[in-house]
Amino acid sequence: MPAISCIVPVYNEEKNLEILYAELKEVLKTLTGGHEIIFVNDGSTDTSQEVLKSISAKDRDVKVIRFGRNYGQTAALAAGFSKAEGEVLVTMDGDLQNDPRDIPNLLKKMKEGYDLVSGWRKKRKDPLFTKNIPSHIANGLISFITGVRLHDYGCTLKAYKREAVKNINLYGEMHRFLPALASWNGITIAEIPVNHRARIHGKTKYGLSRTSKVILDLVTVKFLLSFSTKPIQLFGLWGFISLIFSFISGISVIAMKLFKGEDMTGNPFLYLTILLLVVGIQFIMMGLLGEMMSRIYHESRKNPTYIIKEQI
Ligand code: UDP
Ligand code: MG
């Protein structure tokens, strides 16, 4: 079993792979305990697969997983996690923007007692308006909402202890939230500045269009972290609030009739009462459905609703 598994998602990076492999190997050779490099070819349509094949023919530590189509970076990372055999899993981009020479620093920080060490592209070499500014806002928002404070969620260069990503299933484009999701396992997280380089070969696969996806994913992550085992507490709360306002509104309609002689059927508050009543009941029902689904979710996966760190 190697000490380190390096996982690299690859989507149309033909010109970068040889250089990346050489740089990466140079660094990994100096580390003790053995290593493996897992390239996950996410349905590339260029010659990436041929390049990866020739690399793996030369080096037994290189494994290549090829998807039949482009499933996205999240799926590529998930496939890498599930194939990896190392104790420490290091993820990095396949476009040479991350610098393999940072890996020893990540591992050193990990030795200080962290389960996840994340890279922080302090001097990021990407376009300002389409990448740096939106990502700055996104990082602030994600940190604030999830409570896991990081400067750079988007940096793929990260090192995970195997336990840190245990039980975490990745969907959609959730790789961006891995530290927040992993925090559910009760792990310790650190962040260190890493080198970042401009992209020379190939094109970026992401643009501004990811903004709305990030916000929606953030809602999901927040819900999973806070309420996945108690959905009724979220939906029920709003249901109660709605019912209370419905009650107040209903009383007002009756009071207006009794004391002011206002027609009940012509009173807009009557309709508000009905609306809030229905909405309130719906919310509570959704909470109950959520409770059922939460049980199915946890029990079908034989997933505990907690993670034990240590037993003495
Ligand atoms: N990638 C992938 N599947 C995709 C999109 C990207 O495997 O659908 C890989 C890509 O090859 C690269 C990494 O994910 O190794 C990061 O992509 P990119 O450099 O385009 O993102 P950026 O650095 O511009 O945020
Ligand atoms: Mg890149």
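Preceding this paragraph is the structure being described.
Numbering of residues starts from 1 in every chain and runs along the sequence as written. Each chain is given a letter, starting from A, and each ligand a number, starting from 1, according to the order in which they appear as written. Confidence filtering applies because this is a predicted model: local features only for residues at pLDDT of at least 70, side-chain atom pairs given and counted only at 80 or more, and all residues used for totals across whole chains, interfaces and linings. Here the side-chain values reflect all heavy atoms present in the structure, with hydrogen atoms and water set aside.

Engineer: How should I be thinking about helix H7 (residues 210-227) in this particular structure?
Structural biologist: Comment: elements are numbered from the N terminus, with helices defined as DSSP H or I runs of at least four residues and strands as E runs of at least two. Take the residue count of a helix, subtract one, and multiply by 1.5 Å to get its expected span. For H7, built from 18 residues, the straight-helix expectation of 26 Å at 1.5 Å per residue is met to within 8% by its first-to-last C-alpha distance of 25 Å. Three labels apply to residues, based on accessible area from a 1.4 Å probe with only protein chains included: buried if under 20% of the type maximum, exposed if over 50%, partly exposed otherwise in between. All of the buried residues in H7 are Val-214, Asp-217, Leu-218 and Val-221. Considered in projection along H7, the buried side chains sweep an arc of 115° and stay on one side of the axis. In H7, the exposed positions angled more than 90 degrees off the buried face are occupied by Leu-216 and Val-219. Here, the arc refers to the directions that run from the helix axis to the C-beta atoms.

Engineer: Is there a simple way to think about the side chain of Asp-152 in this case?
Structural biologist: By secondary structure assignment, the location of Asp-152 is in the loop between helix H5 (128-146) and strand S6 (158-161). What makes Asp-152 buried here is its relative accessible area of 3%. There is a polar contact of 3.3 Å between the side chain of Asp-152 and the backbone nitrogen of Gly-154. Any N or O atom pair separated by 3.5 Å or less is treated as a polar contact, with the protein-specific requirement of one donor-capable and one acceptor-capable atom, and with residues adjacent in sequence counted only for side-chain atom pairs. At 3.4 Å, the side chain of Asp-152 and the backbone nitrogen of Cys-155 are in polar contact. The residues contacting Asp-152, other than those within four sequence positions of it, are Ser-118, Gly-119, Trp-120, Arg-121, Asn-139, Lys-158 and Glu-191. Only heavy atoms enter the contact rule, under which two residues are in contact if any of them lie within 4.5 Å.

Engineer: It is not clear to me how the site of ligand 1 should be interpreted in this structure. Could you clarify?
Structural biologist: Around ligand 1, a shell composed of 18 residues is seen, among which Glu-13, Asp-42, Asp-95, Lys-131 and Thr-204 lie nearest. Measuring from an oxygen atom of ligand 1, one finds a side-chain N or O atom of Asn-70 at 3.1 Å. A distance of 2.5 Å separates an oxygen atom of ligand 1 from a polar atom in the side chain of Thr-204. Cavity means a closed set of points on a 1 Å grid over the protein atoms alone, one where a 1.4 Å probe fits but cannot get out, pocket means an open set with protein on both sides within 12 Å along at least 5 of 7 lines, and lining means a residue has an atom within 4 Å of a point. By definition, a pocket or cavity contains a molecule when more than half of the molecule's atoms lie within 2 Å of the pocket's grid points. More than half of the atoms belonging to ligand 1 lie within 2 Å of the grid points that define the largest pocket. Only Asp, Glu, Lys and Arg are considered charged, only Ala, Val, Leu, Ile, Met, Phe, Trp, Tyr, Cys and Pro nonpolar, and every remaining residue, Gly among them, polar. Here the residues of the shell around ligand 1 sort into 4 nonpolar, 6 polar and 8 charged. We define proximity as follows: a residue is near a molecule or strand when any one of its heavy atoms falls within 4 Å of that partner.

Engineer: Sorry if this is basic, but what is going on with the packing of helix H8 (residues 231-260) against helix H9 (residues 268-300) here?
Structural biologist: A packed helix pair is summarised by two numbers, namely the angle formed by the two axes and the spacing between the axes. In contact at an axis separation of 7 Å, H8 and H9 are set at 165° when each is read in the N-to-C sense. As summarised for this structure, H8 and H9 are arranged roughly antiparallel, according to the angle between their axes. Seen from above, H8 lies across H9 with left-handed handedness. A per-class count over the contact of H8 with H9 returns 20 nonpolar, 11 polar and 1 charged. Only the stretch in contact is used when a helix axis is fitted, and all axes are lines through C-alpha atoms; the angle between N-to-C directions ranges over 0 to 180 degrees. Orientation is classified from the angle alone, with under 35 degrees giving roughly parallel, over 145 giving roughly antiparallel, 65 to 115 giving roughly perpendicular, and any other angle giving oblique. Crossings are classed by handedness, with left-handed meaning an anticlockwise turn of the near helix from the far one by less than a right angle and right-handed meaning a clockwise turn.

Engineer: I'm lost on the layout of surface pockets in this one. Help?
Structural biologist: The method is simple in principle: a probe with the dimensions of a water molecule rolls over the atoms, and the space it marks as empty is what remains. Quantified by volume, the largest pocket comes out at close to 960 Å³. Around the largest pocket sit 50 residues that line it, and Gln-73, His-175, Arg-176, Tyr-206 and Arg-210 are the ones nearest its centre. Going through the elements one at a time, strand S1 (4-10), helix H3 (73-83), H5, S6 and H7 are the ones with two or more residues in the lining of the largest pocket. Of the residues contributing to the lining of the largest pocket, the split by class is 19 nonpolar, 17 polar and 14 charged. Grid points are joined across faces, edges and corners, and a volume is the space filled by probe spheres set on the points. Taken as a whole, the second largest pocket encloses approximately 430 Å³ of empty space. Looking at the second largest pocket, it is lined by 18 residues, and the ones nearest its centre are Asn-169, Leu-181, Leu-224, Tyr-297 and Arg-301. Of all the secondary structure elements, the ones that give two or more residues to the lining of the second largest pocket are H7 and H9. The class makeup of the residues in the lining of the second largest pocket is 10 nonpolar, 7 polar and 1 charged.

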